[in-house]
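# Fold and contact review
The lines below spell out each chain.
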Amino acid sequence: MFKRIIKPFQEVLLERKLCVGCTSPLEKCRKIGDLSENRKMLECKCKRRFVFDKESNLYQRATFAEEQQILRDIEKGK
Ligand SMILES: [Zn+2]
């Protein structure tokens, strides 16, 4: 038997490739760095950060650890 699962609204927005904060298209986000070959970090105009996974073609909210990794990389590049 399948349970009826109601998805959290944020997940629905991410599936539609929209920012969970301001609902602008994530495709238009500024790229701020690479986490790995297939994972890019993006920053929306509302300052929320997301990770785009090329393999699964999905967006996720960036985790704290991922944000720290990118900030370290940006500092190294200075
Ligand atoms: Zn936004």
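Given the structure is predicted, the values throughout are model-derived calculations rather than measurements.

### Here's the deal with the overall build of the protein chain
Summing up its helical and strand segments, the protein chain has 2 helices and 4 strands in all. In the protein chain, the succession of α and β elements from N to C terminus is α-β-β-β-β-α. Taking the principal axes of its C-alpha atoms as reference, the protein chain extends roughly 55 × 25 × 20 Å. Counting every position in the protein chain, which comprises 78 residues, the buried fraction comes to 31%. Across the protein chain, the fraction of contacts at a sequence separation of at least 24, relative to all contacts at a separation of at least 6, is 29%. Only carbon and sulfur atoms are counted for the fraction: they give 53% of the accessible area of the protein chain, which is about 6000 Å². Placing the 19 positive and 12 negative side-chain charges of the protein chain at their respective mean positions leaves the two points 6 Å apart.

### Quick look at the coordination of the zinc ion
As a benchmark, a tetrahedral metal site with four donors has ideal angles of 109.5 degrees, while an octahedral site with six donors has ideal angles of 90 or 180 degrees. Summarising the metal site, the zinc ion is bound by the protein donors Cys-19 (SG), Cys-22 (SG), Cys-44 (SG) and Cys-46 (SG), whose distances to it range over 2.3 Å. Classification of the site at the zinc ion rests on its 4 donor atoms, whose angles at the metal span 102 to 115°, yielding the label tetrahedral. Of note, the zinc ion draws all its donor residues from one chain, in the sequence arrangement C-x2-C-x21-C-x1-C. Residue Cys-19 is found in the loop between α1 (9–15) and β1 (30–36), and its partner Cys-44 is found in the loop between β2 (39–43) and β3 (49–53); the two are separated by 25 residues along the sequence. The pair Cys-19 / Cys-44 is uniform in exposure class, with both members buried.

### Brief notes about the nonpolar core
Judged by nonpolar contacts, Leu-13, Leu-14, Cys-19, Val-20, Leu-26, Cys-29, Leu-42, Cys-44, Phe-50, Phe-52 and Tyr-59 together constitute the single largest core of 11 residues. Every element with two or more residues in this core is listed here: α1 and β3. Once residues lying within four places of it in the same chain are set aside, the contact partners of Cys-19 are Leu-13, Ser-24, Leu-26, Cys-44, Cys-46, Arg-48 and Phe-50. Membership of the second largest hydrophobic core comes to 6 residues, among which are Ile-32, Leu-35, Met-41 and Ala-62.

Scoring rules and cut-offs
Residues numbered from 1 in each chain as written. Predicted model: local features only at pLDDT ≥ 70, side-chain atom pairs only at ≥ 80, totals over all residues. Heavy atoms only, no water. Helix = DSSP H or I, 4+ residues; strand = E, 2+ residues; numbered from the N terminus. Buried < 20%, exposed > 50% of the residue type's maximum accessible area, 1.4 Å probe, protein only. Contact = heavy atoms within 4.5 Å. Areas by Shrake-Rupley, 256 points an atom, 1.4 Å probe, with all protein chains shown as cover. Lys, Arg positive; Asp, Glu negative; His and termini not counted. Charge placed at Lys NZ, Arg CZ, Asp CG, Glu CD. Donors = N, O, S within 2.8 Å, 3.2 Å for Na, K, Ca; no water. Tetrahedral: all angles 85-135°; square planar, octahedral: opposite > 155°, others 65-115°. Core = buried A, V, L, I, M, F, W, Y, C linked by side-chain atoms within 4.5 Å.

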